[in-house]
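# Secondary and tertiary structure notes
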Amino acid sequence: SRVVKLAVIPGDGIGPEVVAEAEKVLDAVVADSGVTFEKTRFSLGAGRFLETGDTLTDEDLDAIRAHDAILLGAVGGQPGDPRLKDANIERGLLLKLRFELDHYVNLRPSKLYPGAPGPLADPGEIDFVVVREGTEGPYVGNGGAIRKGTPHEVANETSVNTAFGVERVVRYAFALAEKRRKRLTLVHKTNVLVHAGAIWKRVVDEVAREHPDVAVDYLHVDAATIFLVTHPSRFDVIVTDNLFGDILTDLAGAVTGGIGLAASGNINPDGAFPSMFEPVHGSAPDIAGQQKADPTAAILSVALLLDHLGLGAQAARVQRAVEEDIASREGTRTTEQTGAAIIARLQA
Ligand code: NAD
Ligand code: IPM
Ligand code: MN
């Protein structure tokens, strides 16, 4: 029978709380599937750094790389914690994993499920996927500062956009659009970021010629935020730069019922490295340790994980159980209660 080696990184704050529920759902849905998940738990994050001074050692990275997939909760301490100033958990751990494991597709689906507490009065159908570039853009750490702390300080953060990097994620987005409603929107800021904008626009135009049945349009990122609120049903696949994708997907989470429902996959489509599945949200220090976090985003990330591993039937069961639960939610529940309610649907 098939064995899947899964690295589990619960992380900080609400990470361990939501991952606990996600793991229970995973265990329940694969129980009778003939697939065994061999899990290795990695203690990484701000907590580990404060104890040992390590963010992600070479040994950690090698060990994680030897797995088939990764499930991550969230990492990062309280924003502004002076003890974490130089630790850079976000760069040294989360982004390091995304870069080293070549997660060039950051897949972030947004769907307004019946019963979800969306903030829009008349949203229509919301069902789109943001294909966020995951290994380039302003995230690469290509920057520096001089004359720090003086009135003449200069700080640069240079966005890196390569033809190779843009083309591979754009191709992925077109292939996804072909399988969906065949609409693709490029979001950028070509009116200001002329060099980066030009390469994205050119590559999209070129790849579009190979997909004559996909309707392609373009929006500047500022206008895209308008339409995400006023007319979100116009979107099917959005392809965009790493930073724009980060910002748009928190907004997308908010318009589809809250960040507690937003799942993501950091995908290495070539399969050379393990892909990593995680909620879009962070460690939420404001509600950590109180059983207040919604584990749904982590649980839907398990559905993305199962799908990625070719376990489509199990993924669909998780998806259905979550949708049924969302449709019938009332009152406040603890993190564990929500997990248990979803598992009950799964087993019904
Ligand atoms: P956040 O996503 O952690 O929290 C933003 C708001 O959303 C908070 O009010 C929080 O309580 C709420 N929220 C988040 N997840 C929720 C859930 N599952 N259920 C209910 N409410 C939820 O963003 P932040 O406050 O900007 O960041 C906190 C820390 O997390 C920072 O250190 C940041 O760098 C890190 N972070 C990590 C990841 C990740 O690991 N992938 C993602 C984003 C932020
Ligand atoms: C996310 C987070 C990360 C990002 C941070 C914590 C590095 O906000 O996963 O959306 O910006 O990608
Ligand atoms: Mn983010």
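All figures in this text were calculated on a predicted structure; none of them were measured in a lab. (Residues numbered from 1 in each chain as written. Chains lettered and ligands numbered in written order. Predicted model: local features only at pLDDT ≥ 70, side-chain atom pairs only at ≥ 80, totals over all residues.)

## With respect to helix H5 (residues 163-179)
To keep it simple, the criterion reads: In DSSP terms, a helix is any run of H or I states spanning at least four residues, a strand is any run of E spanning at least two, and both are numbered starting from the N terminus. The span one expects for a helix is its residue count, reduced by one, times 1.5 Å. Counting other C-beta atoms within 10 Å of a residue's own tells you its class, since 20 or more makes it buried, 12 or fewer makes it exposed, and anything in between is partly exposed; those C-beta atoms are placed from the backbone. It is the directions from the helix axis to the C-beta atoms whose arc is reported. Remark: residues whose backbone-derived C-beta atoms lie within 7 Å of one another are considered to be in contact.
Between its terminal C-alpha atoms H5 stretches 24 Å, which fits the 24 Å expected from 17 residues at 1.5 Å a residue. Within the sequence span of H5, burial applies to Gly165, Val166, Val169, Val170, Ala173, Phe174 and Ala177. One side of H5 holds all its buried residues, which, seen down the axis, span an arc of 155°. In H5, the exposed residues that point more than 90 degrees away from the buried face are Phe164 and Lys179. Summarising the contacts, the buried residues of H5 are in contact with strand S4 (105-111), strand S5 (127-133), strand S8 (183-188), helix H6 (194-208) and strand S10 (237-240).

## As for the nonpolar core
Keep this limit in mind: The term nonpolar core refers to a group of buried residues, namely Ala, Val, Leu, Ile, Met, Phe, Trp, Tyr and Cys, whose C-beta atoms join them within 7 Å.
Core analysis: the biggest nonpolar cluster contains 90 residues, and Val25, Leu71, Val131, Val302 and Val318 have the highest contact counts within it. Apart from residues lying up to four places away in sequence, valine 302 is in contact with Ala22, Val25, Leu26, Leu71, Phe277 and Val318.

## A word on the sheet that holds strand S9 (residues 215-220)
Short version of the rule: Pairs of strands are assigned from DSSP output, requiring at least two bridges between the strands. An axis is simply a line fitted to the C-alpha atoms; with a helix, the fit covers only the stretch in contact. Between two such axes, the angle follows the N-to-C directions and lies from 0 to 180 degrees.
Read across the sheet, ten strands follow the order S2-S1-S3-S12-S11-S4-S5-S10-S8-S9 without closing on themselves; strand pairing throughout is mixed. Looking at the sheet topology across the chains shown, the edges are occupied by strand S2 (35-41) and S9. Each strand of the sheet is rotated relative to its neighbour by a mean of 25°, with strand direction disregarded. Each of S8 and S9 is contacted by H6, which is oriented at about 165° to S8, the strand it contacts most.

## Points about the site of ligand 2
Put simply, the rule is: Working rule for contacts: place C-beta from the backbone, and if it is within 6 Å of a molecule or strand, that residue counts as near it. Amino acids outside the nonpolar list (Ala, Val, Leu, Ile, Met, Phe, Trp, Tyr, Cys, Pro) and the charged list (Asp, Glu, Lys, Arg) are all regarded as polar, and Gly is one of them.
Around ligand 2 lies a shell formed by Gly76, Glu90, Leu94, Leu95, Asp246, Val280 and Gly282. A per-element tally of the shell around ligand 2 places helix H4 (residues 89-100) first, with three residues. Per-class residue counts for the shell around ligand 2 are three nonpolar, two polar and two charged.

## Details of the domain arrangement of the protein
Operational definition: By convention here, the domain bounds are inherited from an automatic or database domain assignment.
Looking at the assigned domains, one finds that the protein contains domain 1 (1-106 + 263-348) and domain 2 (119-144 + 158-255). Taken together, the contact between domain 1 and domain 2 spans twelve residues of the former and 15 residues of the latter. For the side of domain 1 that touches domain 2, the secondary-structure elements that each account for two or more residues are H4 and S4. If you tally residues by element for the side of domain 1 that touches domain 2, the top one is H4, at four residues.

## A closer look at the UniProt feature "binding site: substrate" (unreviewed entry) in the protein
Heads up, the rule is: UniProt positions are given in the numbering used here, feature names are shortened, and annotations may be inferred rather than shown by experiment.
Feature annotation in UniProt places "binding site: substrate" (unreviewed entry) on Arg98, Arg108, Arg132 and Asp222, given in this structure's numbering. These annotated residues cover 125 residues of sequence, and their C-alpha atoms reach 26.3 Å apart at the extremes, leaving them scattered rather than at a single site. As for its placement among the helices and strands, arginine 98 is situated in helix H4. Beyond its immediate sequence surroundings of up to four residues, arginine 98 is in contact with His103, Gly134, Thr135 and Asn266. Checked against the element boundaries, aspartate 222 lands in helix H7 (residues 221-230).

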